[in-house]
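Chains, contacts and geometry: an overview
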Amino acid sequence: MHTEAPELPKLVLRGTPKEIGLQHGYRLQQQIKSQLSIYEEMFEYTAKMDWPAVLQLAEEFRASLECKTPHLYAEMQGIAKGAGVGVLHIVALNCRSEISFGSFSDGCTSLSWKKNDNARVLSQNWDWIARIQKNLALMDIETSGKPRICMVTEAGIIGKIGFNSAGVGTCLNAIKARPCISSKIPIHIALRLCLESTSVASALETLSSLGGVASSQHILIADSTTSFGLELSPLGDVHLKEDEYGMVTHTNHFIENRNVKEPSWAKGSPARLERAQHLARELANNGIKDDLITPTLLRDQVFSDTCNAPQSICAQEDPTVHPIRRTSTLFNIVMNLDKQNLGAEVVVGQPGSGKESPVIKMPWM
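Residues numbered from 1 in each chain as written. Predicted model: local features only at pLDDT ≥ 70, side-chain atom pairs only at ≥ 80, totals over all residues. Heavy atoms only, no water.

1. Digging into the packing of aromatic side chains
Tallied over the full model, the rule gives 3 aromatic pairs. Ring centres of Phe43 and Trp51 lie 6.1 Å apart, and the angle between their planes is 40°; on these two criteria the pair is classed as tilted. Neither Phe43 nor Trp51 differs from the other in exposure class; each is buried. The lysine or arginine in question, Lys48, covers the ring of Tyr45, its NZ or CZ lying 5.3 Å from the ring centre. (Phe/Tyr/Trp six-rings, centres within 6.5 Å; stacked < 30°, edge-to-face > 60°. Buried < 20%, exposed > 50% of the residue type's maximum accessible area, 1.4 Å probe, protein only. Lys NZ or Arg CZ within 6 Å of the ring centre and 35° of its normal.)

See below:
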């Protein structure tokens, strides 16, 4: 079932962490309250946790965040105040992947492609439940001493998919596996820390200095000269390097990292990975390189692919699944990480469906 893609709010957030949070919370008050009710239902259904139990777990993360990333905790306090909700509610949104103990399994297909020695293209389809789409927002965040960040995120969540003025970009693939360790860094906080970094190397240094991530996830991270597939687990990380095509491709299972207990990968993930690699390599073999690797080409030739639907690269809703677990592609982003021509294109909805939004350029200012 296709509906027209919603127009997403565009937030320009400037100031101290607290001020940035206040503006975010105030502007997206309705969306944040909607998020809380959707996730309450999801936790109940997928993890059999009621909201008081969720908040109890959020308190464990809150204490750790206040200690390890006080500036980001201050931003969450600002969001809570601006939206008129308790700070633990905002912490719960930012730790939603961890609190569910790996029982949320979104889709998502991501690809990094080397254009030349000084430029990478970073791209992905982000798949999640359709009801969240209306709560997505585009953010342009700047605070003193840090790179300016452009990202697509969910209301109330401070780190997600995007890039910064230093040319560092991030994509996310959820990995369904245990364990989860609440003293470590939640994945959405890790994404924000990457987006506050000036290079891939400094991002990796920050994550490692804070003790690594709390749950199994994959961050595809790139800057203009490097890209890695970070297969992250609280039990140990593996970094995937670019292949002979200059690509890193990822879906929702670990390719090399064995540091997990009870993996229960999304079932269509290996086939989707193979399909994405096949389509991208076919383009490379047909002479597509450097400036020919455009957002339009990737949307048309890779990210709109519906082979093996509903578990396709452009994911379709599966009517046999409970509505609260029914995922589909909610947006596509293609980032050009080239210091001479830095920017991204986003389309909201399923690329190639005819129902997607017009292209949104980032930064839009």
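2. Let's talk about helix α1 (residues 17–27)
Of the residues making up α1, those classed as buried are Ile20, Gly21, His24 and Gly25. Mapping the buried residues of α1 onto a view down its axis gives an arc of 125°, with all of them on the same face. For α1, the elements touching its buried residues are β1 (10–14), α2 (29–47), α4 (70–83) and β4 (136–142). (Helix = DSSP H or I, 4+ residues; strand = E, 2+ residues; numbered from the N terminus. Arc of directions from axis to C-beta. Contact = heavy atoms within 4.5 Å.)

3. Focus: the sheet that holds strand β13 (residues 343–348)
Sheets are built from strands paired through backbone hydrogen bonds, the pairs being either parallel or antiparallel. Taken in spatial order, the 6 strands line up as β11-β2-β3-β12-β13-β14 in an open sheet, and their pairing is antiparallel. Looking along the sheet, the strands with just one partner apiece sit at the ends: β11 (247–250) and β14 (360–362). For this sheet, the mean angle separating the axes of adjacent strands, direction not counted, is 15°. Sheet analysis places β13 next to β14, joined by 3 bridges and oriented antiparallel. Paired with Glu345 across the strands is Lys361, a residue of β14. Packing against the sheet, helix α10 (residues 295–303) makes contact with β2 (109–116), β3 (119–129), β12 (327–338) and β13, and its axis sits at approximately 50° to β3. (Pairing = 2+ DSSP bridges. Axes fitted to C-alpha atoms, helices over the stretch in contact; angles between N-to-C directions.)

4. Considerations on the environment of Thr329
You can see Thr329 is positioned in strand β12. Each C-alpha atom of the pair Thr329 and Trp126 lies 5.6 Å from the other, and the pair is 203 residues apart in sequence. The contacts of Thr329, once residues within four sequence positions are left out, are Asn125, Trp126, Asp127, Ile313, Cys314, Ala315, Gly349, Gln350 and Pro351.

5. Considerations on unusual backbone geometry
Here the amide bond leading from Ala309 into Pro310 is cis, since omega sits at 5°, within 30 degrees of zero. Residue position: Pro310 is located in the loop between α10 and β12. In this structure, the amide linkage connecting Met362 to the following residue, Pro363, adopts the cis form with an omega of -5°. Along the chain, Pro363 falls in the segment after β14.

6. Quick word on the packing of α4 against helix α5 (residues 87–94)
At a minimum axis distance of 8 Å, the contact between α4 and α5 shows a crossing angle of 120°. As summarised for this structure, α4 and α5 are arranged oblique, according to the angle between their axes. Crossing of α4 against α5: the hand is right-handed. Across the interface between the two elements, Tyr73, Met76, Gln77, Ile79 and Ala80 from α4 touch Val87, Ile90, Val91 and Asn94 from α5. (Parallel < 35°, antiparallel > 145°, perpendicular 65-115°, else oblique. Left-handed = near helix turned anticlockwise from the far one by under 90°.)

7. A closer look at the environment of Arg148
Locating Arg148 in the fold gives a position in the loop between β4 and β5 (149–154). As a C-alpha pair, Arg148 and Thr46 span 102 residues in sequence and 36 Å in three-dimensional space. If we skip the residues at most four places from it in the chain, Arg148 touches Arg14, Asp140, Ile141, Glu142, Phe163, Asn164, Ser165, Pro363 and Met365. A polar atom in the side chain of Arg148 sits 2.6 Å from the side chain of Asp140. (Polar contact = N/O pair within 3.5 Å; in protein donor to acceptor, adjacent residues only side chain to side chain.)

8. Some points on the nonpolar core
In this structure, Ile32, Ile99, Trp126, Ile132, Ile219, Ile221 and Met335 are the most contacted members of the largest nonpolar core, which totals 88 residues. Formed jointly, this core draws a minimum of three residues from each of two domains, domain 1 (14–100) and domain 2 (109–362). Residues within four places of Ile219 in sequence aside, it is in contact with Thr170, Cys171, Ile187, Ala190, Leu191, Cys194, Phe228, Gly229, Leu230 and Leu232. (Core = buried A, V, L, I, M, F, W, Y, C linked by side-chain atoms within 4.5 Å. Domains from an automatic or database assignment.)

9. Quick word on the domain arrangement of the chain
Partitioning the chain into structural domains gives domain 1 (14–100) and domain 2 (109–362). On the domain 2 side, the residues contacting the 35 residues of domain 1 number 40 residues. Buried area between domain 1 and domain 2, both sides added, is near 3300 Å², and the carbon and sulfur share of it is 59%. The tally of links from domain 1 across to domain 2 stands at 5 salt bridges. Two residues, Asp140 and Arg14, come together in a salt bridge whose shortest N-O distance is 2.9 Å. Taken together, the links from domain 1 to domain 2 amount to 24 residue pairs in polar contact (both at pLDDT 80 or more). At 10 residues, the largest contribution of residues to the side of domain 1 that touches domain 2 is made by α2. (Buried area = accessible area lost by both parts, 1.4 Å probe. Salt bridge = Lys/Arg side-chain N within 4 Å of Asp/Glu carboxyl O.)

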